[in-house]
Amino acid sequence: MSNKTVLERLLVEIEAYDKNRNDRDAFAQRVYDSIEALEGIPYSVHQQGRDWQHKIETEGYFDEEGFDSKINEVIPKLKAWINELIQSHC
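Scope of this entry: the structure provided in the associated data block. Keep in mind that this is a model prediction, so the values were computed, not measured.

**Details of helix 4 (residues 71-89)**
Thought 1: Between its terminal C-alpha atoms helix 4 stretches 26 Å, which fits the 27 Å expected from 19 residues at 1.5 Å a residue.
Thought 2: Here the buried face of helix 4 lies against helix 1 (3-20), helix 2 (24-37) and helix 3 (43-64).

**Describing the nonpolar core**
Thought 1: Membership of the largest hydrophobic core comes to 23 residues, with the highest contact counts inside it found for Ile14, Phe27, Ile35, Leu78, Trp81 and Ile82.
Thought 2: When contributions to this core are tallied by element, the ones reaching two or more residues are helix 1, helix 2, helix 3 and helix 4.
Thought 3: In this structure Ile35 touches Leu7, Leu10, Ile41, Val45, His46, Gly49, Trp81, Ile82 and Leu85, once residues within four positions along its chain are discounted.

**A word on the side chain of Glu59**
Thought 1: Residue placement: Glu59 occurs in helix 3.
Thought 2: For Glu59, which is buried and forms no salt bridge, the nearest opposite charge comes from Lys70, at a distance of 6.3 Å.
Thought 3: Side-chain polar atoms of Glu59 contact the backbone nitrogen of Lys70, separated by 2.6 Å.
Thought 4: In this view, Glu59 contacts Asp68, Ser69, Lys70, Ile71 and Val74; residues no more than four positions away in its chain are not counted.

**Brief notes about the packing of helix 2 against helix 3**
Thought 1: Across the interface, helix 2 lies against helix 3 with an axial gap of 8 Å and an inter-helix angle of 175°. Between helix 2 and helix 3, the crossing angle belongs to the class labelled roughly antiparallel. Here Arg24, Asp25, Phe27, Ala28, Gln29, Val31, Tyr32, Ile35 and Glu36 of helix 2 lie close against helix 3, whose contacting residues are Val45, His46, Gly49, Arg50, Trp52, Gln53, Ile56, Glu57, Gly60, Tyr61 and Glu64.
Thought 2: Here the contact of helix 2 with helix 3 is built from residues that sort into 9 nonpolar, 5 polar and 6 charged.

**Focus on the packing of aromatic side chains**
Thought 1: For the structure on display, the rule yields 2 aromatic pairs.
Thought 2: Here the aromatic rings of Tyr17 and Phe27 are separated by 4.2 Å at their centres, their planes lie at 5°, and the arrangement is stacked. Within this pair, whereas Tyr17 is found in helix 1, its partner Phe27 is found in helix 2, the two being separated by 10 residues in sequence. In terms of burial, Tyr17 and Phe27 fall into one category: buried.
Thought 3: Ring plane angle 35° and centroid distance 6.0 Å describe the contact between Trp52 and Trp81, whose orientation is recorded as tilted. Linking Trp52 in helix 3 with Trp81 in helix 4, this pair joins segments that are 29 residues apart in sequence. There is no split in this pair, since Trp52 and Trp81 are both buried.
Thought 4: It is Lys55 that lies over the ring of Trp52; its NZ or CZ is 4.3 Å from the centre.

Conventions adopted
- Residues numbered from 1 in each chain as written.
- Predicted model: local features only at pLDDT ≥ 70, side-chain atom pairs only at ≥ 80, totals over all residues.
- Heavy atoms only, no water.
- Helix = DSSP H or I, 4+ residues; strand = E, 2+ residues; numbered from the N terminus.
- Expected span 1.5 Å × (residues − 1).
- Contact = heavy atoms within 4.5 Å.
- Core = buried A, V, L, I, M, F, W, Y, C linked by side-chain atoms within 4.5 Å.
- Buried < 20%, exposed > 50% of the residue type's maximum accessible area, 1.4 Å probe, protein only.
- Lys, Arg positive; Asp, Glu negative; His and termini not counted.
- Salt bridge = Lys/Arg side-chain N within 4 Å of Asp/Glu carboxyl O.
- Polar contact = N/O pair within 3.5 Å; in protein donor to acceptor, adjacent residues only side chain to side chain.
- Axes fitted to C-alpha atoms, helices over the stretch in contact; angles between N-to-C directions.
- Parallel < 35°, antiparallel > 145°, perpendicular 65-115°, else oblique.
- Nonpolar A, V, L, I, M, F, W, Y, C, P; charged D, E, K, R; others polar.
- Phe/Tyr/Trp six-rings, centres within 6.5 Å; stacked < 30°, edge-to-face > 60°.
- Lys NZ or Arg CZ within 6 Å of the ring centre and 35° of its normal.

So, in structure tokens, the structure goes:
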């Protein structure tokens, strides 16, 4: 599967998650797995993927516990990052 296909599928999953916010942990793992599946990309992109996974998990916990969460900011920024990856690595 090409990097572009992996990233485009990830964008679809991000949209689905953004609509219902169900199963955050599984979604965060899919983000991580998708980035790890990319071929021929710098190690720094893999590190950024781990950072996104952490942000999704952390902000989701804050949201669940009623604390100030920035999950509504994280998702659009994640989409923008994925689109940047499509432009620069596909």
